[in-house]
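So the chains spell out like this:
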Amino acid sequence: MADELLKPEPLLDAEDPVQILVLGIKGEELKNVQAALRLPTGLVRDGKVDRQWLERFKNQIPEKVRLALEPFGYYHVKTEVNLERVDEEKYKIHVEIEPGKPVRVTSVNVSIKGPGAEEKTLKRLLQAFPLKKGDVLHHQKYEEAKGTLRTEALNLGYLDADYPIHRIRVSQSEYSAEIELTLETGPRYYFGEILLEGAPEYPKRFLMRYVAFQFGEAFSYLKIFQTQINLNNSDRFSEVILLAEREV
């Protein structure tokens, strides 16, 4: 075990009635465990600790630690918890964690299907998928990459983009995980007729100066948002409402 893991990490200030000391992990894993081990509201009232509640909380710690470390690929966590009474109204909970051997990715099958499959930006994101064969299974990286890929498809005008296949098969006994993810883009949508209403004193040609898109362009929520900003920043209108109506 690395030297930096041997120093307990306190969850609460030393002056708090209950101090939790975590030993055995570091980095993002430690932060996630610390967040999971926040004391329940009401366990300490007016500086006094509810001892029965504290015992129940102590008994829940191993399960809380297990759930907090699973997103980082640790499915065989061992946790030892000891409750120490420092004085009449002060306690320390020592949490010693052995994360064990992590689950690693054994196969990655990520693909894009549909009319947008050849979009360069989508293909680049596909190639840059953060989990490769041999990597420790990191659920947050998977979810972030999955979200980024779909968001980019939406920004390119593929408004029906979704995942008909999205699964991670974990074999805890073999410490392995198989990733299968398919993005179906669906058809691309384009901006159609632009209607400007409620400002008869301004000619359409003048108002179009604030519109960040043109008829026939690929639909983009970013351009809708930019148009909203342009109109609001013009200081000419008390209220601006943009509606995008989808025609199937």
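Residues numbered from 1 in each chain as written. Predicted model: local features only at pLDDT ≥ 70, side-chain atom pairs only at ≥ 80, totals over all residues. Heavy atoms only, no water.

Q: Before we go on, may I ask you to explain the packing of helix 3 (residues 120–127) against helix 4 (residues 139–155) in this structure?
A: Describing two packed helices takes the angle between their axes plus the distance from one axis to the other. Here helix 3 crosses helix 4 at 175°, and the two axes come no closer than 10 Å. By the angle between their directions, the pair helix 3 and helix 4 is classed as roughly antiparallel. On helix 4, the residues that touch T121, L122 and L125 of helix 3 are T148, L149, E152 and A153. Residues of the contact of helix 3 with helix 4, tallied by class, amount to four nonpolar, two polar and one charged. (Axes fitted to C-alpha atoms, helices over the stretch in contact; angles between N-to-C directions. Helix = DSSP H or I, 4+ residues; strand = E, 2+ residues; numbered from the N terminus. Parallel < 35°, antiparallel > 145°, perpendicular 65-115°, else oblique. Contact = heavy atoms within 4.5 Å. Nonpolar A, V, L, I, M, F, W, Y, C, P; charged D, E, K, R; others polar.)

Q: Looking at this model, I keep getting lost on the layout of surface pockets. Mind explaining?
A: Rolling a probe over the atoms, with the probe sized like a water molecule, indicates the empty space that remains. Size it by volume and the largest pocket reaches roughly 1200 Å³. Along the wall of the largest pocket there are 34 residues; nearest its centre are I194, L195, L242, L243 and A244. At four residues, the largest contribution of residues to the lining of the largest pocket is made by helix 6 (residues 221–233). Of the residues that constitute the lining of the largest pocket, the class distribution is 22 nonpolar, four polar and eight charged. (1 Å grid on protein atoms, 1.4 Å probe; cavity = no way out; pocket = protein on both sides within 12 Å on 5 of 7 lines; lining within 4 Å. Points joined across faces, edges and corners; volume = space filled by probe spheres on them.)

Q: Please clarify how the packing of aromatic side chains should be interpreted in this entry.
A: Each aromatic ring pair is summarised here by two numbers: the centre-to-centre distance and the angle between the ring planes. Per the counting criterion, the structure on display carries four aromatic pairs. With a centroid separation of 4.9 Å and an interplanar angle of 45°, the aromatic rings of F191 and F219 are classed as tilted. With F191 in the loop between strand 9 (176–184) and helix 5 (204–207) and F219 in the loop between helix 5 and helix 6, this pair connects stretches of sequence that are 28 residues apart. What makes F191 buried here is its relative accessible area of 7%. The class of F219 is buried, set by a relative accessible area of 7%. On the numbers, 5.0 Å between centres and 90° between planes, the contact of F219 with Y221 is edge-to-face. (Phe/Tyr/Trp six-rings, centres within 6.5 Å; stacked < 30°, edge-to-face > 60°. Buried < 20%, exposed > 50% of the residue type's maximum accessible area, 1.4 Å probe, protein only.)

Q: Just checking my understanding: could you explain helix 4 for this structure?
A: For an α-helix, 3.6 residues make a turn, and residues three or four places apart therefore share a direction. With 17 residues, helix 4 ought to run about 24 Å at 1.5 Å a step, and its terminal C-alpha atoms sit 24 Å apart, in line with that. Listing the buried residues of helix 4 in full gives Y142, A145, K146, L149, A153 and L154. The inward-facing, buried residues of helix 4 abut strand 7 (104–113), helix 3, strand 8 (162–171), strand 9 and helix 6. At the C-terminal side of helix 4, G157 shows a positive phi close to 100°. (Expected span 1.5 Å × (residues − 1).)

Q: Looking at this structure, how should I read the sheet that holds strand 9?
A: Strand pairs in the sheet, formed through backbone hydrogen bonds, run parallel or antiparallel to each other. Strand order in the open sheet formed by three strands is 7-9-8, and the pairing between neighbours is mixed. Since the sheet does not close on itself, it has two edges, and those belong to strand 7 and strand 8, each with one partner. Averaged over all adjacent pairs, the angle separating strand axes in this sheet is 5°, with direction ignored. In this sheet, strand 9 lies alongside strand 8 in antiparallel orientation, the contact comprising eight bridges. Within strand 9, the residue paired with D162 across the bridge is E184. Each of strand 7, strand 8 and strand 9 is contacted by helix 4, which is oriented at about 170° to strand 8, the strand it contacts most. (Pairing = 2+ DSSP bridges.)

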